[in-house]
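A structural walkthrough
Okay, here's what each chain looks like letter by letter:
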Amino acid sequence: MVVGYFEDGPNLVSMAMNGWGEGDPAWWLNVQTNPDVEVELVDGPRSMTARAAGGAERERLWARWREIDKDLDAVAARRSTATAVVVFEPQIE
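Everything numeric in this text was worked out from a predicted model, so none of it was measured.

**Section: the sheet that holds strand E2 (residues 11-16)**
If you trace the 5 strands from one edge of the open sheet to the other, you get E1-E2-E5-E4-E3, paired in antiparallel fashion. One side of each edge strand has no neighbouring strand; the edge strands of this open sheet are strand E1 (6-8) and strand E3 (36-41). Here the strands of the sheet are splayed against their neighbours by 40° on average, with no regard to which way each runs. Where E3 and strand E4 (residues 44-52) come together, 6 bridges link them in antiparallel fashion. The residue bridging Glu40 from the neighbouring strand is Pro45, located in E4. This element, helix H2 (residues 55-68), spans E1, E2, E4 and strand E5 (84-90) of the sheet and lies at about 140° to E1.

Below you can see the structure in the form of structure tokens.
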């Protein structure tokens, strides 16, 4: 599966969207149950732990997404629930 993301320091940031349709995507439901994941990137795999951003962190990351997608707020408004901003943090080995 391909999931869009941007880098925020050592973290990867994605959005749990289901084509902007209702409900959460299956990958996010799975990750909430098992947050330790391996992310495959062009430069190789990374062992990471996923979590939902909240509060000021979510606002900051949402604003970064808004820079990438100028229509973000209008499209997100089509959903009856908030879209989770997902942070993938490197696992400490």
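**Here we look at the pairing of E2**
For E2, the tally of buried residues reaches 6 of 6 residues, placing the bulk of the element in the interior. Residues Asn11, Val13 and Met15 of E2 are buried on one face, and the alternating residues Leu12, Ser14 and Ala16, pointing to the opposite face, are buried as well. Here E1 runs beside E2; their pairing, made up of 3 bridges, is antiparallel. Residue pairing for E2: Asp8 is matched across the bridge by Asn11. The antiparallel pairing of E1 with E2 creates a hairpin that spans 2 residues between the two strands, and Gly9 there sits at a positive phi of about 65°.

**Notes on the pattern of salt bridges**
Scanning all chains against the criterion turns up 7 salt bridges. Here Asp8 makes a salt bridge to Arg64, at a shortest N to O gap of 3.2 Å. Residue Asp8 is found in strand E1, and its partner Arg64 is found in helix H2; the two are separated by 56 residues along the sequence. Note that Glu89 is salt-bridged to Arg51, the shortest N-O span being 3.1 Å. In this pair, Glu89 sits in strand E5 while Arg51 sits in strand E4, placing the two residues 38 residues apart along the sequence. Accessibility expressed as a relative area gives 27% for Glu89, which makes it partly exposed. Taken together, the shared-partner salt bridges in this structure form one network comprising Asp8, Arg60 and Arg64.

Quick notes on the rules
Residues numbered from 1 in each chain as written. Predicted model: local features only at pLDDT ≥ 70, side-chain atom pairs only at ≥ 80, totals over all residues. Heavy atoms only, no water. Pairing = 2+ DSSP bridges. Helix = DSSP H or I, 4+ residues; strand = E, 2+ residues; numbered from the N terminus. Axes fitted to C-alpha atoms, helices over the stretch in contact; angles between N-to-C directions. Contact = heavy atoms within 4.5 Å. Buried < 20%, exposed > 50% of the residue type's maximum accessible area, 1.4 Å probe, protein only. Salt bridge = Lys/Arg side-chain N within 4 Å of Asp/Glu carboxyl O.

Purely geometric numbers; function is a separate question.
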